[in-house]
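# Notes for the structure review
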Amino acid sequence: IGMVCLCFLTASVGFTIYSMEEYEKRDISHFKENVDSMRNNVYNLIKSNIETLDGMALTIGQMEITDIEHLQPIIKKVNDRNAFRQMGFISAEGTGDMVDLDGTIHRNVDFSNEDFYQKAMEGEAAISGTIKDEYSDGYLNYYGVPVIIQGETVGILTAADKTDRLREVLDV
């Protein structure tokens, strides 16, 4: 009877350990799938925003317009469909005028030390890390794409998106 009980106890412990390991493997696999899905969602959001800006930068380059007075109506139309917090043009010197979603213009904002600006001036689309919004309580991520006129990068088109939008994708 003792041996039967000992065999039953050993088998029960072995089965319990095996089951725990299988559940852990399944949980890890499920977690990896969720992380991959979130990564793809964030990547697609960023890619979509960059593509929007890139198309707009190409048009601006062909039109050879870089002053905010002429860009504002274009920015407003694009922004009405995308809801960027801000959009604007940053010159090769690193300063630019930003237009808020409500139409407020912030003049001579300095981006010269920002990594995304420098990367975009080198010809690559870029996104910033999280930056505190100087005009509200929120945080922003800036996107930047080069504006090329007659083969020369004259500045970058930039848009700021609320960091909360990325966070919402991750929260899902």
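In what follows, the structure referred to is the one given above.
Residues numbered from 1 in each chain as written. Predicted model: local features only at pLDDT ≥ 70, side-chain atom pairs only at ≥ 80, totals over all residues. Heavy atoms only, no water.

Along the chain, the regular secondary structure elements total four helices and seven strands. Counting helices and strands in the order they occur from the N terminus, the chain gives α-α-β-β-β-α-β-β-β-β-α. Scaling as 2.2 N^0.38, a compact globule of 172 residues should have a C-alpha radius of gyration of about 16 Å, whereas the chain reaches 25 Å, well beyond that. With the principal axes as the frame, the chain shows a C-alpha extent of 95 × 35 × 30 Å. Residue pairs at least 24 apart in sequence account for 48% of intrachain contacts in the chain once pairs closer than 6 positions are excluded. Of the roughly 10,900 Å² of accessible surface on the chain, a fraction of 54% belongs to carbon and sulfur atoms. Looking at the chain, you have 15 positive and 29 negative side-chain charges, and the mean spots of the two groups are 6 Å apart. (Helix = DSSP H or I, 4+ residues; strand = E, 2+ residues; numbered from the N terminus. Rg over C-alpha atoms; globule rule 2.2 N^0.38 Å. Contact = heavy atoms within 4.5 Å. Areas by Shrake-Rupley, 256 points an atom, 1.4 Å probe, with all protein chains shown as cover. Lys, Arg positive; Asp, Glu negative; His and termini not counted. Charge placed at Lys NZ, Arg CZ, Asp CG, Glu CD.)

Next up on the list: the pattern of salt bridges. Counted by the stated rule, this structure contains six salt bridges. Lys-25 is the partner of Glu-22 in a salt bridge, and the nearest nitrogen-oxygen pair spans 3.8 Å. Note that Glu-22 and Lys-25 are positioned in helix α1 (residues 2–63) at a spacing of three residues, about one turn of the helix. The exposure class assigned to Glu-22 is partly exposed, which follows from its relative accessible area of 34%. Classification of Lys-25 by relative accessible area gives exposed; the value is 54%. Across the pair Asp-133 and Arg-85 runs a salt bridge whose closest N-O atoms are separated by 3.3 Å. Here Asp-133, found in the loop between β5 (131–132) and β6 (139–149), pairs with Arg-85, found in the loop between α2 (68–82) and β1 (86–91); they are 48 residues apart in sequence, far enough to count as distant. (Salt bridge = Lys/Arg side-chain N within 4 Å of Asp/Glu carboxyl O. Buried < 20%, exposed > 50% of the residue type's maximum accessible area, 1.4 Å probe, protein only.)

Let us now look at the state of the cysteines. Enumeration over the complete set of coordinates arrives at zero disulfides. Of the cysteine sulfurs around Cys-5, a residue in no disulfide, the closest is that of Cys-7, at 9.5 Å. Residue Cys-5 is classed as partly exposed on the basis of its relative accessible area of 48%. (Disulfide = S-S within 2.5 Å.)

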